[in-house]
Amino acid sequence: MDKNAHLKKVIVDFKKLTPEVLKLLVERYPDGYDDRNIISFKNAQGERIEAVEVLTEDTKYLVKISAKLEYTMENYDEDDYEDFADDDPDAIIEPDPKDMVDGEDDED
């Protein structure tokens with residue numbers, strides 16, 4: 001039997017991502033995730049979903065994979081979220097598509 005079967009399961013889309021879950025993702029996957037970490041399943045509408053898993057004491061979060069998620073994890077800075085509550089889904093700002101383009105030189 002799954003030792004985590006008692007955990008509440010929550011599917012998290014990028015729009016619902018909170019600072020707490022983002023921090024857990026970065027801690028669990030400090031070098032990013034790869035195919036071995038991805039869980040595939042069908043949602044209630046029969047759509048195939050790919051997600052990565054992070055656990056808290058009482059919850060198993062399945063965070064949907066997206067380019068926005070990867071970019072946000074790569075550019076994570078805990079200080080960006082210090083003025084927000086851990087469970088505030090408005091704290092995570094959607095990245096600008098121009099910033100997500102590969103191969104561009106950073107001018108910072």
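Below: a short report on this structure. (Residues numbered from 1 in each chain as written. Predicted model: local features only at pLDDT ≥ 70, side-chain atom pairs only at ≥ 80, totals over all residues. Heavy atoms only, no water.)

### Some thoughts on the sheet that holds strand E4 (residues 59–64)
The 4 strands lie next to each other as E1-E4-E3-E2, forming an open sheet whose pairing is mixed. Since the sheet does not close on itself, it has two edges, and those belong to strand E1 (8–12) and strand E2 (38–42), each with one partner. Geometrically, the sheet is characterised by an average inter-axis angle of 35 degrees between neighbouring strands, direction not taken into account. Strand direction decides the pairing type here: E2 and strand E3 (residues 48–55), joined by 5 bridges, are antiparallel. Bridge pairing links Ile38 to Val52 in E3. The sheet strands contacting helix H1 (residues 19–28) are E3 and E4, and the helix crosses E3 at an angle near 85 degrees. (Pairing = 2+ DSSP bridges. Helix = DSSP H or I, 4+ residues; strand = E, 2+ residues; numbered from the N terminus. Axes fitted to C-alpha atoms, helices over the stretch in contact; angles between N-to-C directions. Contact = heavy atoms within 4.5 Å.)

### Considering the environment of Lys23
Mapped onto the fold, Lys23 is located in helix H1. For the pair Lys23 and Ile11, spaced 12 residues apart in sequence, the C-alpha separation works out to 16 Å. Ignoring anything within four residues of it in the chain, the contact list for Lys23 reads Tyr76 and Glu78.

### Notes on the packing of aromatic side chains
When we look at a pair of aromatic rings, we describe it by the centre distance and by the angle of the planes. If you walk through the whole model with that rule in mind, you get 2 aromatic pairs. For the ring pair Tyr29 and Tyr33, a centre distance of 6.2 Å and an interplane angle of 80 degrees mean the geometry is edge-to-face. The exposure classification of Tyr29 matches that of Tyr33, with both residues buried. On the numbers, 5.9 Å between centres and 15 degrees between planes, the contact of Tyr76 with Tyr81 is stacked. (Phe/Tyr/Trp six-rings, centres within 6.5 Å; stacked < 30°, edge-to-face > 60°. Buried < 20%, exposed > 50% of the residue type's maximum accessible area, 1.4 Å probe, protein only.)

### Overview of the environment of Leu62
Mapped onto the elements of the fold, Leu62 is located in strand E4. Classification of Leu62 as buried rests on a relative accessible area of 11%. The spacing of Leu62 and Gly46 is 16 residues in sequence and 17 Å in space, taken between C-alpha atoms. With sequence-adjacent residues up to four places away left out, Leu62 is seen in contact with Val10, Ile11, Val12, Ile39, Phe41, Ala51, Val52 and Glu53.

### Some words on a negative patch on the surface
Judged by side-chain charge, Glu20, Glu57, Asp58, Asp86 and Asp87 come together as a negatively charged surface patch. Topologically, Asp58 is positioned in the loop between E3 and E4. (Patch = residues over 30% accessible without salt bridge, like charges linked within 9 Å, V, L, I, M, F, W, Y side chains within 5 Å. Areas by Shrake-Rupley, 256 points an atom, 1.4 Å probe, with all protein chains shown as cover. Salt bridge = Lys/Arg side-chain N within 4 Å of Asp/Glu carboxyl O. Lys, Arg positive; Asp, Glu negative; His and termini not counted. Charge placed at Lys NZ, Arg CZ, Asp CG, Glu CD.)

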